[in-house]
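The lines below spell out each chain.
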Amino acid sequence: MKLHIAVLAGDGIGPEISAVGVDVLRAVAEKFGHEIEFSEALCGAAAIEAVGDPFPEETFAICKTADAVLFSAVGDPKFDNDPTAKVRPEQGLLAMRKKLGLYANIRPVQTFPCLVHKSPLKDEIVRGADFVCIRELTGGMYFGAKQEGEDYAYDTNAYTRAEVERILHAAYACARRRRKHLTVVDKANVLASSRLWRKVAQEVEKVYPDVTTDYMYVDNAAMRMIQDPKFFDVIVTENTFGDILTDEGSCITGSMGLLPSASTGESTPVFEPIHGSWPQAKGLNIANPLAQILSVAMLLEHFDLAEEAALVRRTVDASLDENVRTPEIQVEGGPHYGTKEVGAWIVDRIRQA
Ligand code: IPM
Ligand code: MG
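Each value, and the rule that gives it
- Residues numbered from 1 in each chain as written.
- Chains lettered and ligands numbered in written order.
- Predicted model: local features only at pLDDT ≥ 70, side-chain atom pairs only at ≥ 80, totals over all residues.
- Heavy atoms only, no water.
- Helix = DSSP H or I, 4+ residues; strand = E, 2+ residues; numbered from the N terminus.
- Rg over C-alpha atoms; globule rule 2.2 N^0.38 Å.
- Buried < 20%, exposed > 50% of the residue type's maximum accessible area, 1.4 Å probe, protein only.
- Contact = heavy atoms within 4.5 Å.
- Areas by Shrake-Rupley, 256 points an atom, 1.4 Å probe, with all protein chains shown as cover.
- Pairing = 2+ DSSP bridges.
- Near = heavy atom within 4 Å.
- Polar contact = N/O pair within 3.5 Å; in protein donor to acceptor, adjacent residues only side chain to side chain.
- Axes fitted to C-alpha atoms, helices over the stretch in contact; angles between N-to-C directions.
- Parallel < 35°, antiparallel > 145°, perpendicular 65-115°, else oblique.
- Left-handed = near helix turned anticlockwise from the far one by under 90°.
- Nonpolar A, V, L, I, M, F, W, Y, C, P; charged D, E, K, R; others polar.

(A) Focus on the overall build of the protein. Helix and strand counts for the protein stand at 13 helices and 12 strands. Over its C-alpha atoms the protein spans a radius of gyration of 20 Å, differing by no more than 12% from the 20 Å that the globule rule assigns to 353 residues. Residues counted as buried form 55% of the 353 residues belonging to the protein. Taking the intrachain contacts of the protein between residues at least 6 apart in sequence as the baseline, contacts between residues at least 24 apart amount to 74%. By element, 53% of the accessible surface of the protein is carried by carbon and sulfur atoms, the whole surface being about 15200 Å².

So, in structure tokens, the structure goes:
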């Protein structure tokens, strides 16, 4: 297969994990005889510094014509503590999502048997947890009308029927490939936008009688996720709730550095870790590259390269089993591996497989 991949490394640990992701993809391409062309492009704080725009037109043009985007992370503390900043790195990520029409963000939460002890939750609660959060990504408060005054500010949580319908269909398609259980998460006891979600979901539900649908308020879902994560198979929810619930979900896996995601919709799909740019770790060679590598696996699956993706996943499992791990998940007294070393080990294993 011939693929053109746009590589957006971004900020903080972004460039370090991006390099590993590209190496893994190259190794897979060589092994299976695929031709992959990479185009690097600027985004986030790096792009603000270079050209004053967190998602420059040139980057958009590269993404638009690519087959997929391999994205890493954006964000810089310089902007976090400056509420007056006119332009922020995160706007680059939001612009990319909006301009590419990436309305469906797929965030799988899985446990790795050898890492269960790393979760702050009890073993018996997290062992075997395996669910997917489908987060609506181009609507809601992130993109609704907003105003920012001196003493008064607001964000609007607006959704149209069409936006809700299309994400529900994506969620049902996902549930059909899994254990056929969909939980619609909203706040319909308080929010008008959530009542629209629920009304539309009750209609769409009828199209998928083979899938069990239940409805849960977001506060209750947040509790259920740590009390009994195995209850969930597929969760579908709006943009802001999905942002919050997926960070919570990462605690089940034991490290945020393990969770990949795929964003799909109208144009080029994007594959990215759910973690941020972790600026404190920049250049220290300690960031976990596995979320980026698992994002590569999701990219391969998107193009139906199942064997290739399975090899990447098996190799990630092997690295964990053999204690080739970055510091935050290394067992006490275990060998030390940095971002680069974990990446090199995985690339080698793929080549030898
Ligand atoms: C995420 C991130 C982003 C979001 C930030 C960086 C804008 O937290 O992808 O979950 O809020 O969507
Ligand atoms: Mg988030």
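(B) A look at the pairing of strand 1 (residues 2-10). Burial analysis of strand 1 places eight of its nine residues in the buried class, which makes it a mostly covered element. Bridging between strand 1 and strand 2 (residues 35-40) involves six bridges; their strand directions are parallel. If you follow Leu 3 over to strand 2, its bridge partner there is Ile 36. Inspection of the sheet shows strand 1 paired to strand 3 (residues 68-73) by five bridges, in the parallel sense. Bridged to Leu 8 within strand 3 is Phe 71.

(C) Quick look at the site of ligand 1. The local shell around ligand 1 consists of Glu 90, Leu 93, Arg 97, Arg 107, Arg 135, Tyr 142 and Asp 243. In the model, an oxygen atom of ligand 1 is placed 2.6 Å from a nitrogen or oxygen of the Tyr 142 side chain. Against a free-state accessible area of 320 Å², the protein chains account for coverage of 78% of ligand 1. If you tally residues by element for the shell around ligand 1, the top one is helix 5 (residues 89-99), at three residues.

(D) Expanded view of the sheet that holds strand 11 (residues 260-264). Spatially, 10 strands are ordered 2-1-3-12-11-4-5-10-8-9 in an open sheet, and the strand pairing comes out mixed. Taken across any chain shown, the strands that pair with only one partner, and hence form the sheet edges, are strand 2 and strand 9 (212-217). For this sheet, the mean inter-axis angle between neighbouring strands, taken without regard to orientation, is 25°.

(E) Representation of the environment of Ser 277. For Ser 277, the location among the structural elements is in the loop between strand 12 (270-273) and helix 11 (290-302). Sequence separation between Ser 277 and Ala 9 is 268 residues; the distance between their C-alpha atoms is 9.8 Å. The contact partners of Ser 277, leaving out residues within four places of it in the chain, are Asp 11, Gly 12, Ile 13, Ala 73, Val 74 and Gly 75.

(F) Broad picture of the packing of helix 7 (residues 161-177) against helix 8 (residues 192-204). Remark: helix 7 packs on helix 8, axes separated minimally by 10 Å, with the N-to-C direction vectors making an angle of 50°. Overall, the two elements helix 7 and helix 8 adopt an arrangement that is oblique. As for how helix 7 packs across helix 8, the hand of that crossing is right-handed. Residues Arg 161, Val 164, Glu 165, Ile 167, Leu 168, His 169 and Tyr 172 of helix 7 form the contact with helix 8, whose own contacting residues are Leu 196, Trp 197, Lys 199, Val 200, Ala 201, Glu 203 and Val 204. The class makeup of the residues in the contact of helix 7 with helix 8 is nine nonpolar, one polar and four charged.

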